[in-house]
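A closer look at the structure
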Amino acid sequence: MNPIQDLILTRKVIVCCGAGGVGKTTTSAALGLAAARQVKNVLVVTIDPSKRLAEALGVDRNPERPIPVDTTGLIDQSSTGSLAAWMLDPQLIADRVVERFSGSNRDASTLMNNPIYQNVTAMVAGMQEYTAVQALYEFIHDERYDLIILDTPPSRDALRFLDAPERASAFLDRRIFNLFVPGEGSAIRRMTTKLLEKVMDVSFGPETRRELQQFFQLFGGLLSQLNHNQSEMRRFFGGQDVSFLLVTAPTSAALEETQFFSRRATEELQLHVAGVILNRSLTHCRNWKMPDTDRIERPDPVLSVAISKLRQFSLRERHLMEGHVKLKADLAALSGHGWVYTLPHLGPDASTLDGLSAIADFMTDGEDDKNTK
Amino acid sequence: MYFLNRHTLLISGKGGVGRTAVSAAIGLASSKAKKRTLVLEIAYEEGSQSALGARFGRPDLNEEACPINDFLAIGRLNAKAGHSLFLRTILPSKTLIAAALRSKAVHKFLTAAPSLHEMGIFYHLLTLLQKTRSDGTRQYELIIIDMPATGHTLALTGLPAILLRLIPAGPIARALKEGQSILNNPELCEAWIVTLPEKLPVTEALELVDGLTETDVTVGGMILNRMPPDPFTDDERAALDAYCDAEHFFGQLTLARIRAAKVALSELKNRFDSPVLDLPEVVDTDLVTNPLTAYIGELMGTES
């Protein structure tokens, strides 16, 4: 069976990882459409899509809740499959957590009015990833969806997302929080707090220091709940319902990235890596011909000159295609039990609904024997 | 003449468009014009390899200024250096400085608390921008910063305004205002956006212009990188289009790319008022022999 089809039919969550600029968001959205065609009720959670793709999916105005994508003409109308999309809004997710888990309504409103808190999602490294996991936590308990596809935040390193809970908790670590809050404790602890207060006072001025302390005090109270959710998600990520996909592009870094990803994800983090999607590949051009003046029926001097000029580009393209074929084989060898699936480069059209539909076709019809133009 | 009449250049753009190559080429061309030049990159993760350093055969670059020739140095901005520079300036006593720099809690706070990571990078940059020689003239006449990809760029250029709302007074506020007086002064600082001659990258570059303008940074122009050469006449192209219509041929992707690049260039020129420079696609990655450097030198008016 086609590996992507298999994945769509058997998983509840598919997480798409990959470096920035490889077409990860487009791939996630197309995967969602392919699954909706297989009678699944799919939610695609995107993070930072290009403006055009966001408009195509209808999420460009930051909706509060997932909204249905207009799939007229893209999915068989008699089918019960559906596609919804949502764009991650880190502040919204953080607000929900505050509202739900604060000790009292008064604490919640004080925290939400605290200027440090109001900027926290924009300012804390890893907060975007942290809230993405939090959002997923809410959606997996939502019975409307059979399958959730999570696009991960863009970053140079495909695994940033997997590390995010740890990185954000460097900040969201209760022990660190406590240091900023004056109170009881050992002599060393009190001295450290005093030193920090001194540093903060001269750096920020006493007023900002007090706001910081208020923030730490109130947000600190939410940490145990947040950390509980995160560790529950950790377990869930390791379970059978969840698969990770690496989306990559044919660059010199692809091999190294895949190797690193497979090792980190499977060996260290014990996650199920289903396979690698090699995007923007030329492997589909295998059967193309070399332009040749001998093949012209009638003599045409202009065309002859043009073809001889084209030849250098033709050689280069063929060379690139051969490189991609080899890369695919090397990737397959690296990824062990995983598969490698190639998708062609569709250019700017990829971010329209028709483009997504074309990619979805490629995902389910099989990757071979297709020419693209 | 481009680039040389400013003190600071922010080279921005989305990932993979060639920001580092362009920053390095501008730096090299500027040093050939005998301007004391510093090219900087930003280390978001400690100990990561330096993309900028790799261009100059120094992938382990991890210092403030590593000399390349008499007029050119390259360096790496990092949060930790900024933090310790900052603590040294603000803390009243040497004992306190030593205690703060030693303290794990202070270190964790600085790396993890809201915005302080970016603030460290910002402060490190500020000290380099303000560095002078013994005669009071600027240590570097031109500082070129290979900015991180779009989102991080805006986080950094927008940092002063956001933080000043939170921290209106004190030494951090002072540093932020000094930074603003350089980065938001169009006489001193310009951002240049590197992009590719394709539809989506052009659209995204125009969005970045809006983003930078919102953070009060002046965009000096756009650099359309990797413009494919077009050896064909109009007649030849028409003949090839007809030829490729019936069957798939190797080379047709390049034809399509040449056409798309021309459309992208003219669209960019229509929708953007400041200069648009197109740089030819080069295969050679050696900076010194690379035609890019000579080409940028020509654009600067230092080579003919």
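Presented here is a report on the structure given in the accompanying data block. Since the structure is predicted, the reported quantities are computational estimates derived from the model, not experimental observations.

Quick notes on the rules
- Residues numbered from 1 in each chain as written.
- Chains lettered and ligands numbered in written order.
- Predicted model: local features only at pLDDT ≥ 70, side-chain atom pairs only at ≥ 80, totals over all residues.
- Heavy atoms only, no water.
- Salt bridge = Lys/Arg side-chain N within 4 Å of Asp/Glu carboxyl O.
- Helix = DSSP H or I, 4+ residues; strand = E, 2+ residues; numbered from the N terminus.
- Buried < 20%, exposed > 50% of the residue type's maximum accessible area, 1.4 Å probe, protein only.
- Core = buried A, V, L, I, M, F, W, Y, C linked by side-chain atoms within 4.5 Å.
- Contact = heavy atoms within 4.5 Å.
- Buried area = accessible area lost by both parts, 1.4 Å probe.
- Polar contact = N/O pair within 3.5 Å; in protein donor to acceptor, adjacent residues only side chain to side chain.
- Nonpolar A, V, L, I, M, F, W, Y, C, P; charged D, E, K, R; others polar.

Let us look at the pattern of salt bridges. The full count for this structure, using the stated rule, is 23 salt bridges over all chains. Close ionic contact of A:Glu138 with A:Arg96 constitutes a salt bridge, the shortest N to O distance being 2.9 Å. A residue pair is termed long-range when its members are at least 10 positions apart, and A:Glu138 in helix α8 (residues 127–140) and A:Arg96 in helix α4 (residues 90–101) qualify at 42 residues. Each member of the pair, A:Glu138 together with A:Arg96, is buried. Residues A:Arg144 and A:Asp142 are paired through a salt bridge, measuring 2.7 Å at the closest nitrogen-oxygen approach. Through salt bridges that share partners, B:Asp230, B:Asp234, B:Arg237 and B:Lys262 make up one connected network.

Let us now look at the nonpolar core. B:Met119 and B:Met222 are the most contacted members of the largest nonpolar core, which has 81 residues in total. With nine residues, helix α6 (residues 116–129) of chain B is the single largest residue contributor to this core.

Between chain A and chain B, the contact holds 54 residues from the first and 53 residues from the second. Summing the contributions of chain A and of chain B, the shared interface buries around 4,700 Å²; its carbon and sulfur component is 71%. Across the salt bridge formed by A:Lys289 and B:Glu247, the nearest N and O atoms sit 2.5 Å from each other. For the pair chain A and chain B, the number of links is ten residue pairs in polar contact (both at pLDDT 80 or more). The set of elements that each furnish at least two residues to the side of chain A that touches chain B consists of α3 (51–57), α6 (115–118), α9 (160–171), α10 (174–180), α11 (187–204), α12 (206–220) and α15 (301–334) of chain A. Considering each element in turn, the side of chain A that touches chain B owes the most residues, 13 residues, to α15(A). Residue composition of the side of chain A that touches chain B, by class: 31 nonpolar, nine polar and 14 charged.

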